[in-house]
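Report on the structure
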Amino acid sequence: MNQTQPVLIDSHCHLDFSCFDQDRLELIKRCKQLAISQFVIPGTQASGWQKQIELAQQYPSIKFALGLHPYFLADYQNEHLEQLTQLLNTHKNHLVALGEIGLDSAIAVDWQLQTEVFTKQLSLAKSFDLPVILHHRKSHNELLRILKTEQFANGGIIHAFSGSLQQAETYIQLGFKIGVGGSITYPRANKTRQTISQLPLSSLVLETDAPDMPVAGRQGQRNSPEYLVDIVQSLQQIRTESAEQLTAACLHNTLDVLRNITA
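Residues numbered from 1 in each chain as written. Predicted model: local features only at pLDDT ≥ 70, side-chain atom pairs only at ≥ 80, totals over all residues. Heavy atoms only, no water.

Time to look at the packing of aromatic side chains. The description of an aromatic ring pair uses the distance of the two centres, along with the angle that the planes make with each other. Considering all chains together, one arrives at four aromatic pairs under this definition. Both rings, one in Tyr71 and one in Phe72, keep their centres 6.4 Å apart while their planes meet at 65 degrees; by these two values the pair is edge-to-face. Given the relative accessible area of 39%, Tyr71 is considered partly exposed. Residue classification places Phe72 among the partly exposed positions, given a relative accessible area of 28%. (Phe/Tyr/Trp six-rings, centres within 6.5 Å; stacked < 30°, edge-to-face > 60°. Buried < 20%, exposed > 50% of the residue type's maximum accessible area, 1.4 Å probe, protein only.)

Encoded structure:
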């Protein structure tokens, strides 16, 4: 990726996780050399929000969202939503979205609790005029039902999309962008690759989910925003546009859907 090409934004990575504590600055410098200029860190649990805020204050290239991820709801307390509300109000001029929120039917967390917390966070996003970053696993139908029932119109990003073309098109109709990550670097991910190849270019954003979701050839290693370049290369293989067209469009789409972020 040379510097004449549009810059890249990793729209979803967890640079706040402790596995990056030893080399975060060096990693950001390496990414800059690859024209990866900014990183969006979604929130996962209340105990991590302050670290996200501090990292965004320390590194201008780091942007953040705040939210309660379904994975961590075993530790959920009602005051977490009150705390989230206060932080959304305090940092409303810096937040890019509310998230990472969603539903996951593959984990041992009470479904009613997941649904309740998700719905309340959607209401918060509406109150603060924020888009949302959505987590899904075996839950597209329920997510779409709730988004429609709640008449959620702020849009957002469907993180690590792996559903059908019809489901993707429904999200797009509701104002969402589709997160394209490391899964498309695996030739065996035929369904996802085929779906992403057919979607309008105006609906795609790039993400790594680092340190998770490693790209092909790097299984078992810590994933990194550096490998956004690999994702662009795989995206170019399955679509008709050039790398320059893809990166320019994905940059535009990211800026379009998120708040308080500029190229």
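Ordered by their spatial adjacency, five strands build an open sheet running 4-5-6-7-8, and the pairing between neighbours is parallel. Each edge of the open sheet carries a strand with a single partner, namely strand 4 (98–104) and strand 8 (204–206). Geometrically, the sheet is characterised by an average inter-axis angle of 30 degrees between neighbouring strands, direction not taken into account. Here strand 7 (residues 176–180) pairs with strand 8 via three bridges, running parallel. Considered in strand 8, the bridge of Gly179 is made with Val205. Docked against the sheet, helix 4 (residues 111–127) engages strand 4 and strand 5 (132–137), running at close to 150 degrees with respect to strand 4. (Pairing = 2+ DSSP bridges. Helix = DSSP H or I, 4+ residues; strand = E, 2+ residues; numbered from the N terminus. Axes fitted to C-alpha atoms, helices over the stretch in contact; angles between N-to-C directions. Contact = heavy atoms within 4.5 Å.)

Ordered in space as 1-2-3, the three strands form an open sheet in which the pairing is parallel. Across the chains shown, the open sheet's two edge strands, defined by having one partner strand only, are strand 1 (8–10) and strand 3 (62–64). The sheet shows a mean angle of 25 degrees between the axes of neighbouring strands, direction not considered. Relative to strand 2 (residues 36–41), strand 1 runs parallel, the two sharing three bridges. Paired with Ile9 across the strands is Gln38, a residue of strand 2.

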